[in-house]
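Here's the letter readout for the chains.
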Amino acid sequence: MEGLKNMMEDNVESMLNHLLPTMPNICSCEDCKLDMATYALNRLHPKYARTAKGAILHRFDSLTAQVEAEILTACVSAINIIGSHPHHEAKDGANSKENNTAAEASSTDSNAAPAASETNTVNTAGNTAS
């Protein structure tokens, strides 16, 4: 719907833009930043505003230490998760861990069974099931 804005998007974007320059080993390309923002926003309560007055009220409300801590926690978690498993090749040209497993399985033998990580699932009790 036009006219609605999740104000948390601005807060998360601002926090990521503040944190990422302090972490030179973490990819901060646009795709990774969007993945990080998505991860963080899915863990925060949305704060929608429709008018400029609503946006101002949200900005005032989000100045509390509790809200800032929640945003910081969600963003740091997103940076750690997405930064360690980017959905693209690493900066040095090597594939990420996820892509390496799939590439090794397919390059070994095209008729071989998929790697265990591709066929097994883990239930909540930690038992492996095929």
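Up top you'll find the structure we're talking about.
I will try to describe carefully the structure that is included in this document. Predicted, not measured: the structure shown is a model, and the values here were computed from it.

1. Let's talk about the pattern of salt bridges
Summed over the entire model, instances satisfying the criterion amount to 3 salt bridges. Lysine 5 is the partner of aspartate 10 in a salt bridge, and the nearest nitrogen-oxygen pair spans 3.4 Å. Residue arginine 59 pairs with aspartate 10 through a salt bridge whose shortest N-O separation is 4.0 Å. Of this pair, arginine 59 sits in helix 3 (residues 52-61) while aspartate 10 sits in helix 1 (residues 8-19); the two residues are 49 residues apart in sequence, bridging distant segments of the chain. Overall, arginine 59 belongs to the partly exposed group, its relative accessible area being 45%. Through salt bridges with shared partners, a single network forms among Lys5, Glu9, Asp10 and Arg59.

2. Regarding the side chain of histidine 58
With respect to the helices and strands, histidine 58 occurs in helix 3. Owing to a relative accessible area of 8%, histidine 58 belongs among the buried residues under this scheme. Not counting the four nearest positions on each side in its chain, histidine 58 is found in contact with Met7, Met8, Asn11 and Lys47.

3. Digging into the nonpolar core
In this structure, Val12, Leu16, Met36, Ile71, Cys75 and Ile79 are the most contacted members of the largest nonpolar core, which totals 21 residues. Those elements that place two or more of their residues in this core are helix 1, helix 2 (30-41) and helix 4 (65-84). With 7 residues, helix 4 is the single largest residue contributor to this core. With sequence-adjacent residues up to four places away left out, valine 12 is seen in contact with Ala37, Ala40, Leu41, Leu44, Ile71 and Cys75.

Cut-offs used in this document
Residues numbered from 1 in each chain as written. Predicted model: local features only at pLDDT ≥ 70, side-chain atom pairs only at ≥ 80, totals over all residues. Heavy atoms only, no water. Salt bridge = Lys/Arg side-chain N within 4 Å of Asp/Glu carboxyl O. Helix = DSSP H or I, 4+ residues; strand = E, 2+ residues; numbered from the N terminus. Buried < 20%, exposed > 50% of the residue type's maximum accessible area, 1.4 Å probe, protein only. Contact = heavy atoms within 4.5 Å. Core = buried A, V, L, I, M, F, W, Y, C linked by side-chain atoms within 4.5 Å.

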